[in-house]
Amino acid sequence: MGQSHSVLNISRKDGAADAVLAAFLDQGHTHFSGVPCSLLKGLFRALETPDFPAAYLPAPREDSALGVASGLAVAGARPVVLMQNSGLGYSLNVLTSFNLIYDVHLPLVVSWRGHDGNDAVEHDVIGRELTRLLDVFELPWTVLDNQDPYESTAAFLKRYDAERRTSVLIVREGV
């Protein structure tokens, strides 16, 4: 439990955002792209630091982040896409018309806005239906355990690497 990521020098007991990113880096992920969300602000804050050891490519829209990450994956990189759940809904066409049919699989980190009904009204429907939506599209998903974010992310990535399917790490609480 006290191990640290050699590049970030982050203890697995540090903040949840640092632990999540350390797990991705430990598994060889080289690029991150996405659209900021308040529930993911710790992740984006770390990604935007000048000394972050992987490339961060900000995107204006979620489908653009998927496009950039898909190109990187085809070129042999190990990218990660970050977005809020409304952005996932917006990106389903890209996922279904490219990623899923051409086997260009990516790990997605998706915030779960509206899961508890205590968010802005525009998040209510997708918040209520997120896991069912993922099941319909056969996208394996895992909810991040904020009590042990490093191990939770590492287990998610182990499953992702074994199955080689676009998979979703759901962030229910802010990191």
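The rules behind these values
Residues numbered from 1 in each chain as written. Predicted model: local features only at pLDDT ≥ 70, side-chain atom pairs only at ≥ 80, totals over all residues. Heavy atoms only, no water. Helix = DSSP H or I, 4+ residues; strand = E, 2+ residues; numbered from the N terminus. Buried < 20%, exposed > 50% of the residue type's maximum accessible area, 1.4 Å probe, protein only. Areas by Shrake-Rupley, 256 points an atom, 1.4 Å probe, with all protein chains shown as cover. Lys, Arg positive; Asp, Glu negative; His and termini not counted. Charge placed at Lys NZ, Arg CZ, Asp CG, Glu CD. Salt bridge = Lys/Arg side-chain N within 4 Å of Asp/Glu carboxyl O. Contact = heavy atoms within 4.5 Å. Axes fitted to C-alpha atoms, helices over the stretch in contact; angles between N-to-C directions. Parallel < 35°, antiparallel > 145°, perpendicular 65-115°, else oblique. Left-handed = near helix turned anticlockwise from the far one by under 90°.

*Asks:* Whenever I open this one, the overall build of the protein confuses me. Can you help?
*Replies:* When helices and strands are counted, the protein shows six helices and eight strands. Secondary structure of the protein in N-to-C order comes out as β-β-α-β-α-β-α-β-α-β-α-β-α-β. Once the C-alpha set of the protein is aligned to its principal axes, its extents read approximately 40 × 40 × 30 Å. Taking all 175 residues of the protein together, the buried fraction comes to 51%. Surface accessibility of the protein: about 8,100 Å² in total, with carbon and sulfur atoms responsible for 51%. Taking the 14 positively charged and 21 negatively charged side chains of the protein as two groups, their mean positions are separated by 2 Å.

*Asks:* Just to check I follow, could you spell out the pattern of salt bridges for this structure?
*Replies:* Should the charged atoms of two oppositely charged side chains come close, the side chains can pair. Counting across every chain of the model gives seven salt bridges. Taking the shortest distance from any N to any O, the salt bridge between Glu129 and Arg132 comes out at 2.7 Å. Pair noted here: Glu129 and Arg132 are both in helix α5 (residues 124-136), with a separation of three residues, about one helical turn. Arg164 is the partner of Asp161 in a salt bridge, and the nearest nitrogen-oxygen pair spans 4.0 Å. Taking relative accessible area as the criterion, Asp161 reaches 25% and is therefore assigned partly exposed. When salt bridges with common partners are traced through the structure, they connect Arg78, Asp161 and Arg164 into a single cluster.

*Asks:* Before we go on, may I ask you to explain the environment of Ile126 in this structure?
*Replies:* Note on placement: Ile126 falls in helix α5. Owing to a relative accessible area of 16%, Ile126 belongs among the buried residues under this scheme. With residues near it in sequence (within four places) discarded, Ile126 still touches Asn85, Ser86, Gly89 and Leu133.

*Asks:* Would you mind showing me how to read the packing of helix α4 (residues 85-99) against α5 here?
*Replies:* Between two packed helices, both the angle of their axes relative to each other and the distance between the axes serve to describe the pair. Contact pair α4 / α5: the axes reach a minimum separation of 10 Å and the direction vectors enclose 50 degrees. In this view, α4 runs oblique relative to α5, as classed from their interaxial angle. In the crossing of α4 with α5, the sense of the turn from one axis to the other is left-handed. Contacts between α4 and α5 involve Asn85, Ser86, Leu88, Gly89 and Leu92 from the former and Ile126, Gly127, Leu130, Leu133 and Leu134 from the latter.

*Asks:* Teacher, can you tell me more about the environment of Leu95 here?
*Replies:* Within the secondary structure layout, Leu95 lies in helix α4. By relative accessible area, Leu95 is classed as buried at 1%. Leu95 sits 37 residues away from Pro58 along the chain, and the two C-alpha atoms are 19 Å apart. Sequence-distant contacts of Leu95, that is, excluding residues within four places in its chain, are made with Leu66, Leu88, Leu100, Leu108, Leu139 and Thr166.

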